[in-house]
Amino acid sequence: MAEVLSFYQLKTKRDVTLEKKLLRTLSLQKVTVASDKFTKKLFPFADDPAGIMSDGCIDFAIEAFLAGGRYGESRKYGESFHDLKKRSFYEEDKLIEEMTGCLQSWGNMFRMEQKTSFLYPFAKDFLSMWWQEGYRESEKRHKLRLH
């Protein structure tokens, strides 16, 4: 007898496969350099020998990249970039809020208190950049018929 899978299991399996394909194209060196530059811009005098801030920013960048890649898959159905961006607003805003909270706690850890209103635009720009990078990668995979 064949195994019966629910739609949730099939979607999860498809998402994992897509994420693996997208992660193969992501350069860890590029993400590391971008996150180091980002943390140095926000906290120029912070000494982070353990790499706590950089590792955290790398995690957020990868999450934003994968989110953009997942939404980029919908592009093949004719949805425009702006429509996809609107549809992903809730997920992206949640990620930005989480990153802003982490940035604020890292600033407190180094006694460099920053207000959330100051950190929010930086987090939004950083994550938006990686979301668009994931979207472009997904769009490129579709154009090259690598899906």
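Preceding this section is the structure that the text describes.
Summary of the structure given here. (Residues numbered from 1 in each chain as written. Predicted model: local features only at pLDDT ≥ 70, side-chain atom pairs only at ≥ 80, totals over all residues. Heavy atoms only, no water.)

1. Regarding the overall build of the chain
And then number 1: If you tally the helices and strands in the chain, you get six helices and zero strands.
And then number 2: Listing every helix and strand of the chain by position from the N terminus yields α-α-α-α-α-α.
And then number 3: With the C-alpha coordinates aligned to their principal axes, the bounding extent of the chain is approximately 60 × 35 × 25 Å.
And then number 4: For the chain, the centre of its 25 positive side-chain charges and the centre of its 22 negative side-chain charges are spaced 6 Å apart. (Helix = DSSP H or I, 4+ residues; strand = E, 2+ residues; numbered from the N terminus. Lys, Arg positive; Asp, Glu negative; His and termini not counted. Charge placed at Lys NZ, Arg CZ, Asp CG, Glu CD.)

2. As for the side chain of S88
And then number 1: Note that S88 resides in the loop between α4 (81–87) and α5 (89–109).
And then number 2: Residue S88 is classed as buried on the basis of its relative accessible area, which comes to 0%.
And then number 3: Here K85 takes part through its backbone oxygen, which lies 3.1 Å from a polar atom of the side chain of S88.
And then number 4: Residues contacting S88, with those up to four places away along its chain left out, are Y71 and W131. (Buried < 20%, exposed > 50% of the residue type's maximum accessible area, 1.4 Å probe, protein only. Polar contact = N/O pair within 3.5 Å; in protein donor to acceptor, adjacent residues only side chain to side chain. Contact = heavy atoms within 4.5 Å.)

3. Some thoughts on helix α2 (residues 28–42)
And then number 1: When the terminal C-alpha atoms of α2 are compared, their 21 Å separation across 15 residues agrees well with the 21 Å that a helix rising 1.5 Å per residue should span.
And then number 2: Those residues of α2 lying buried are V31, A34, S35, F38, T39 and L42. Around the axis of α2, the buried residues are gathered within 130° of arc, so they sit on the same side. Of the residues in α2, the exposed ones pointing more than 90 degrees away from the buried face are Q29, K37, K40 and K41. (Expected span 1.5 Å × (residues − 1). Arc of directions from axis to C-beta.)

4. A word on the pattern of salt bridges
And then number 1: Throughout the structure, instances matching the rule amount to seven salt bridges.
And then number 2: E91 serves as the salt-bridge partner of R70, at 2.9 Å between the closest nitrogen and oxygen. In this pair, R70 is assigned in helix α3 (residues 52–72) and E91 in helix α5, connecting sequence segments 21 residues apart.
And then number 3: The class for E91 is partly exposed, based on a relative accessible area of 30%. (Salt bridge = Lys/Arg side-chain N within 4 Å of Asp/Glu carboxyl O.)

5. What to know about a negative patch on the surface
And then number 1: On the surface, a cluster of negative charge is contributed by D55, D59, E63 and E98.
And then number 2: The biggest single contributor to the negative patch is α3, with three residues.
And then number 3: Within the fold, E98 resides in helix α5.
And then number 4: Given a relative accessible area of 41%, E98 falls into the partly exposed group. (Patch = residues over 30% accessible without salt bridge, like charges linked within 9 Å, V, L, I, M, F, W, Y side chains within 5 Å. Areas by Shrake-Rupley, 256 points an atom, 1.4 Å probe, with all protein chains shown as cover.)

6. Side note on the nonpolar core
And then number 1: Residues F38, M99, L103, F126, L127 and W130 are the most contacted members of the largest nonpolar core, which totals 27 residues.
And then number 2: When residues of this core are traced back to their parent elements, those giving at least two are α1 (7–25), α2, α3, α5 and α6 (116–143).
And then number 3: Counting five residues, the second-largest nonpolar core is a separate cluster that includes Y71, L84, W131 and Y135. (Core = buried A, V, L, I, M, F, W, Y, C linked by side-chain atoms within 4.5 Å.)

7. Observations regarding the packing of α2 against α3
And then number 1: Between α2 and α3, the shortest axis-to-axis distance is 9 Å and the interhelical angle comes to 120°. Between α2 and α3, the angle falls in the class oblique. The handedness of the crossing between α2 and α3 is right-handed. Here α2 contributes L28, V31, T32, S35, D36, F38 and T39 to the contact with α3, which in turn contributes M53, S54, C57, I58 and A61.
And then number 2: Class assignment for the residues of the contact of α2 with α3 results in seven nonpolar, four polar and one charged. (Axes fitted to C-alpha atoms, helices over the stretch in contact; angles between N-to-C directions. Parallel < 35°, antiparallel > 145°, perpendicular 65-115°, else oblique. Left-handed = near helix turned anticlockwise from the far one by under 90°. Nonpolar A, V, L, I, M, F, W, Y, C, P; charged D, E, K, R; others polar.)

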